[in-house]
Amino acid sequence: MIKRILTTGLVLTAALTFTACGAADNKKNEPAKAVTAEPAATTASVKFVEPTVNGKPLKFLTKDAKAPVVYYTKDVSAKGLMKVYKALGQEKKGKVAIKVSFGAEGEQYLDPALMTDLVKETQGTFADTNGFTPPRNTAKGNYGMAEKHGFTKVGPVDILDADGDIDMPVQGGHHLKFTRTGSHIQSYDTFVAVHRFKTHYLPQLGGNIKNISLSLGSISGKALIHSAGKNDRYYQSADDDTTARCFADAAKAALDFKKGRWAFINVLDAFKAEDKCDGAQDRKEIGILASLDPVAIDQASVDFEFGTAKDDAARTAWEKFHSVNVLEFAEQINVGKRHYRMVSVD
């Protein structure tokens, strides 16, 4: 058995100065809870805010009282992350998994030091699954990357598929009937998905929808997602829209498998643009977002990043290249809502 565990705000100006780049190329679950988050009762003073980027409001921001809440801090630190997490008022039951990506060799990854306080507060375990490419294609190799990138110094680590897979059904999805993740997921009752939000890096949108779909999939599960269910053994690429729909399907499977047990955090720190997008520039530090709705938090993150486009045509091109329509596909099957309200915790 290969399993090693170590104990070891918003005040924005009328226009933000950061710039993003453009596009070129048989365990019983708890009863369901509503995804839509109201401001937590523990929040001393709720400050609904309407930030702008380049003098324009965030595209999907709304005043609709039924819209999910996204909490925001401009403080990119362990304390800032805890501020937005506590604002969620997540009910913690049983064992807590902090779903992250340990990062591949040479990849820009989430700084585990940002989650030091989160690990202490939740007594959580960092959880990830294996990938297609070495060394992350084995539990030993994947654990090695977690060690190399500093996760084992901050908290315990669990490779979810170190001891085999488990299927998660997809109800009412676009393409998939089921998806597949590591069997260790059955050991956890509460999940905090934390992701370094990445655009202009890989074609697929690098947010929490990906974190709980492709990134949560075992190797076999990843094969199912990429092939739209055609095979479960190796990488087989479908077209971009089909792949995006399968991401949405897999995210729904994860949410349904552990109903009402998820919270989501996106870190928008300084980030180096590494694709060949037209006019790409490195991202300056924006802040940290948190929500109980994975679609809303990813949409808000997109709005901060792609709101810097010089015009609507440029934003449309960027979104097409990075498959931002995954959020539309996710909304269609009730994974979450794209329109959101925003609350500052600063």
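A few points on the structure. Since the structure is predicted, the reported quantities are computational estimates derived from the model, not experimental observations.

Let's talk about helix H7 (residues 240-257)
- For H7, which comprises 18 residues, the first-to-last C-alpha distance of 26 Å matches the rise-based estimate of 26 Å (1.5 Å per residue) to within 8%.
- For H7, a buried count of 15 out of 18 residues is recorded, marking the element as mostly surrounded by other parts of the structure.
- Residue aspartate 239 occupies the N-cap position of H7, its side-chain oxygen lying 3.2 Å from the main-chain nitrogen of aspartate 241.

Here's the deal with the pairing of strand S8 (residues 165-169)
- Here S8 shows a clear split, with Ile166 and Met168 buried on one side and none of Asp165, Asp167 and Pro169 buried on the other.
- Bridge count between S8 and strand S9 (residues 178-182): five bridges; the pairing is antiparallel. Across the sheet, residue aspartate 167 finds its bridge partner in S9, namely arginine 180.

Re the pairing of strand S13 (residues 341-344)
- By the alternation rule, side chains of S13 split into Arg341 and Val343 and Met342 and Ser344, which are all buried.
- Bridge count for strand S1 (residues 47-48) against S13 is two bridges, and the pairing is antiparallel. If you follow lysine 47 over to S13, its bridge partner there is serine 344.
- Relative to S13, strand S4 (residues 69-73) runs parallel, the two being bridged by four bridges. Considered in S13, the bridge of valine 69 is made with arginine 341.

Quick look at the environment of phenylalanine 197
- For phenylalanine 197, the location among the structural elements is in the loop between strand S10 (190-196) and helix H5 (208-211).
- Sequence separation of phenylalanine 197 and glutamate 305 is 108 residues, and the distance between their C-alpha atoms is 9.8 Å.

Re the sheet that holds S10
- The nine strands lie next to each other as S1-S13-S4-S12-S11-S10-S5-S6-S7, forming an open sheet whose pairing is mixed. Here the strands that pair on one side only, and so sit at the sheet edges, are S1 and strand S7 (157-159).
- Here S4 pairs with strand S12 (residues 287-291) via three bridges, running antiparallel. By the bridge assignment for S12, threonine 73 is matched with isoleucine 288.
- Along the sheet, helix H3 (residues 139-148) contacts strand S6 (125-128) and S7; its crossing angle with S7, the most-contacted strand, is approximately 150°.

Quick word on the side chain of serine 213
- With respect to the helices and strands, serine 213 occurs in the loop between H5 and helix H6 (219-226).
- Setting aside its immediate chain neighbours within four residues, serine 213 contacts Ile225, Phe247, Ala250 and Ala251.

Structural notes on the environment of leucine 268
- When you line up the elements, leucine 268 lands in strand S11 (residues 262-268).
- As for leucine 268 and phenylalanine 197, which are separated by 71 residues in sequence, their C-alpha atoms are 5.7 Å apart.

Brief notes about the environment of alanine 193
- Secondary-structure assignment places alanine 193 in strand S10.
- Alanine 193 sits 97 residues away from alanine 290 along the chain, and the two C-alpha atoms are 9.7 Å apart.
- Excluding anything up to four places from it in sequence, alanine 193 contacts Lys99, Asn208, Asn211, Ile212, Trp262, Ala263, Phe264 and Ile265.

Overview of the nonpolar core
- Residues Trp262, Leu289, Phe304, Tyr340 and Met342 are the most contacted members of the largest nonpolar core, which totals 60 residues.
- The residues contacting leucine 289, other than those within four sequence positions of it, are Val70, Tyr71, Tyr72, Phe264, Ile265, Asn266, Leu268, Ile297, Ala300, Ser301, Phe304 and Met342.
- In terms of nonpolar packing, the next biggest core, distinct from the first, is built from 36 residues, Tyr85, Ala87, Ala162 and Val343 among them.

Description of the packing of aromatic side chains
- Tallying each qualifying case throughout the model produces eight aromatic pairs.
- Geometrically, the ring pair formed by phenylalanine 132 and tyrosine 235 is edge-to-face, given 5.9 Å between the ring centres and 85° between the ring planes. Remark: tyrosine 235 occurs in the loop between H6 and H7 and phenylalanine 132 occurs in the loop between S6 and H3; sequence separation between them is 103 residues.
- Overall, the relative accessible area of 45% leaves tyrosine 235 in the partly exposed class.
- Clustering of aromatic rings is evident, with ring pairs tying together Tyr188, Phe191, Trp262 and Phe264.

Conventions and cut-offs
- Residues numbered from 1 in each chain as written.
- Predicted model: local features only at pLDDT ≥ 70, side-chain atom pairs only at ≥ 80, totals over all residues.
- Heavy atoms only, no water.
- Helix = DSSP H or I, 4+ residues; strand = E, 2+ residues; numbered from the N terminus.
- Expected span 1.5 Å × (residues − 1).
- Buried < 20%, exposed > 50% of the residue type's maximum accessible area, 1.4 Å probe, protein only.
- Polar contact = N/O pair within 3.5 Å; in protein donor to acceptor, adjacent residues only side chain to side chain.
- Pairing = 2+ DSSP bridges.
- Contact = heavy atoms within 4.5 Å.
- Axes fitted to C-alpha atoms, helices over the stretch in contact; angles between N-to-C directions.
- Core = buried A, V, L, I, M, F, W, Y, C linked by side-chain atoms within 4.5 Å.
- Phe/Tyr/Trp six-rings, centres within 6.5 Å; stacked < 30°, edge-to-face > 60°.

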